[in-house]
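Residues per chain, in single letters:
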Amino acid sequence: MFDDMKSFFMKRGDNKPGGFEERGANLEYFMHRDPNKDVTIITIANQKGGCGKSTTAINLSAVLVRKNFKVLMIDLDPQSHASLGIGVDVYNLNSSIYDVIVKNFRLENSIVNTYKENLDIAPAMPMLSGAQLEIADLLGREGILRTAIYKMINTSKRNYDYIIIDCSPSLNLLTINGLVAADFLLIPIQTHYFSLEGMGELFSTMKVVKERLNLGLQVLGILPTLFDQRTKMNRDILAQIKDYFKDRVFQSTIRMNIKLAEASASRKSIFEYAPDSNGARDYASLADEVIALTKPQKAAEENEAKGQKLQPDSA
Ligand SMILES: Nc1ncnc2c1ncn2[C@@H]1O[C@H](COP(=O)(O)OP(=O)(O)OP(=O)(O)O)[C@@H](O)[C@H]1O
Ligand SMILES: [Mg+2]
């Protein structure tokens, strides 16, 4: 018993902060990540329903994998759209993110492979809708997912470059867990009437999370989605979004493209279903921006490689 708690105590005769391992790696997973693991955690949230969160989670993850990153998706929505859309049979799972949140299972035990190598998912099952009530009275309830993620990063052999978390259309305790676990928040906004309504609530929630639970949380960007260039209303709303959020809006806009809906229905990403579609082009462009913002070194290497490939032609 005492052996388990040794790392709770200050080391006698040594009050200098030690390295990651010295300070007791078995407990560090509560608050810190092993600095040698370069994983970027992005939570996709907006309490507005149907604004493209799950579509973005699936297709951003898929394009990151095509660019040789290892990606874990985490589905925090009891509707399980991200899990279903990537081909997981959510009615026949041994364990899911529910077990991680409610029963303290290890995250890595809930992970399943998808059809694509290097793209894994911790899926959601419909029973996740009960999780909120079950954890409502727990001490540290907002940080359950973060602890599970850090524990996996710090103590298991699983390595990911990106963890992409899909949230439900609500600012509930599960979404708060998503925000507490994240480095970055990505906010899809449909270019439609009333899309900006509710943004205040999302930002005030984020402010509280930042002040009390996750100081490092940053908005990665606002992503205009379901954009239909043919309608003046869509063009006006896009202009409003850009005017309001300025350079915090991604340069990429996700256009309305039926192939994206069809791809989800066929349980594949757009890159398998319709690689030449506008949907594929838009998500590829988003991924370039995301990589440039989160892993600038990798983006620079890729640009250099592209430049070298182009050189013989341009010479
Ligand atoms: N760019 C797009 N063009 C056409 N259809 C799209 C596009 N993006 C998403 N859709 C479709 O719109 C619907 C809502 O998208 P999605 O499920 O990604 O939104 P969501 O924000 O995750 O929804 P929820 O709030 O219910 O979780 C889905 O049927 C999806 O296939
Ligand atoms: Mg969704």
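About the criteria used
- Residues numbered from 1 in each chain as written.
- Chains lettered and ligands numbered in written order.
- Predicted model: local features only at pLDDT ≥ 70, side-chain atom pairs only at ≥ 80, totals over all residues.
- Near = placed C-beta within 6 Å.
- Helix = DSSP H or I, 4+ residues; strand = E, 2+ residues; numbered from the N terminus.
- Nonpolar A, V, L, I, M, F, W, Y, C, P; charged D, E, K, R; others polar.
- Core = buried A, V, L, I, M, F, W, Y, C linked by C-beta atoms within 7 Å.
- Buried ≥ 20, exposed ≤ 12 C-beta atoms within 10 Å, placed from the backbone.
- Contact = placed C-beta atoms within 7 Å.
- Pairing = 2+ DSSP bridges.
- Axes fitted to C-alpha atoms, helices over the stretch in contact; angles between N-to-C directions.
- Expected span 1.5 Å × (residues − 1).
- Arc of directions from axis to C-beta.
- Parallel < 35°, antiparallel > 145°, perpendicular 65-115°, else oblique.
- Left-handed = near helix turned anticlockwise from the far one by under 90°.

For the rest of this paragraph, the subject is the site of ligand 1. Around ligand 1 there are 21 residues in total, and Lys53, Ser54, Thr55, Pro169 and Ala261 lie nearest to it. For the shell around ligand 1, the elements supplying multiple residues, two or more each, are helix H3 (53–66) and helix H11 (258–265). Broken down by element, the residue count for the shell around ligand 1 peaks at four residues, all from H11. Taken together, the residues of the shell around ligand 1 sort by class into eight nonpolar, 11 polar and two charged.

The biggest cluster of nonpolar side chains holds 80 residues, and the ones touching the most others in it are Ile149 and Ile164. When residues no more than four places from it in sequence are discounted, the contact partners of isoleucine 164 are Ile42, Ile44, Ala57, Leu60, Ser61, Val71 and Met73.

Below, the discussion takes up the sheet that holds strand E4 (residues 119–122). The strand order E3-E4-E2-E5-E1-E6-E7 describes an open sheet built from seven strands, whose pairing is mixed. The sheet is open, and its two edges are formed by strand E3 (112–113) and strand E7 (218–225), each paired on a single side. As judged from the seven bridges shared by strand E6 (residues 184–190) and E7, these two strands associate in the parallel manner. By the bridge assignment, isoleucine 189 is partnered in E7 with proline 224. Along the sheet, helix H8 (residues 173–181) makes contact with strand E1 (40–44), strand E5 (162–166) and E6, crossing E1 at roughly 150°.

Here the focus is the environment of serine 156. Considering the arrangement of structural elements, one finds serine 156 in the loop between helix H7 (144–155) and E5. When the 13 C-beta atoms within 10 Å are taken as the criterion, serine 156 is described as partly exposed.

The next thing to look at is helix H10 (residues 232–245). Here H10 spans 20 Å end to end across 14 residues, near enough to the 20 Å set by a 1.5 Å rise per residue. Those residues of H10 that fall on the buried side of the exposure criterion are Asn234, Ile237 and Ile241. Along the axis of H10, the buried positions cluster into a sector of 65°, meaning they face one direction only. Across from the buried face of H10, at angles greater than 90 degrees, the exposed residues are Lys232, Asp236, Ala239 and Asp243. The elements touched by buried residues of H10 are E6 and E7. Phi for lysine 246, located one or two positions after H10, is positive at around 50°.

Moving on, we come to the packing of H7 against H8. For any two helices packed against each other, one specifies the inter-axial angle together with the distance between the axes. Interhelical geometry of H7 versus H8 gives an angle of 45° and a closest axis separation of 7 Å. In terms of axis orientation, H7 runs oblique to H8. Here the hand of the crossing between H7 and H8 comes out right-handed. Contact residues: Ile144, Leu145, Arg146 and Ile149 in H7; Asn177, Gly178, Val180 and Ala181 in H8. Taken together, the residues that form the contact of H7 with H8 break down as five nonpolar, two polar and one charged.

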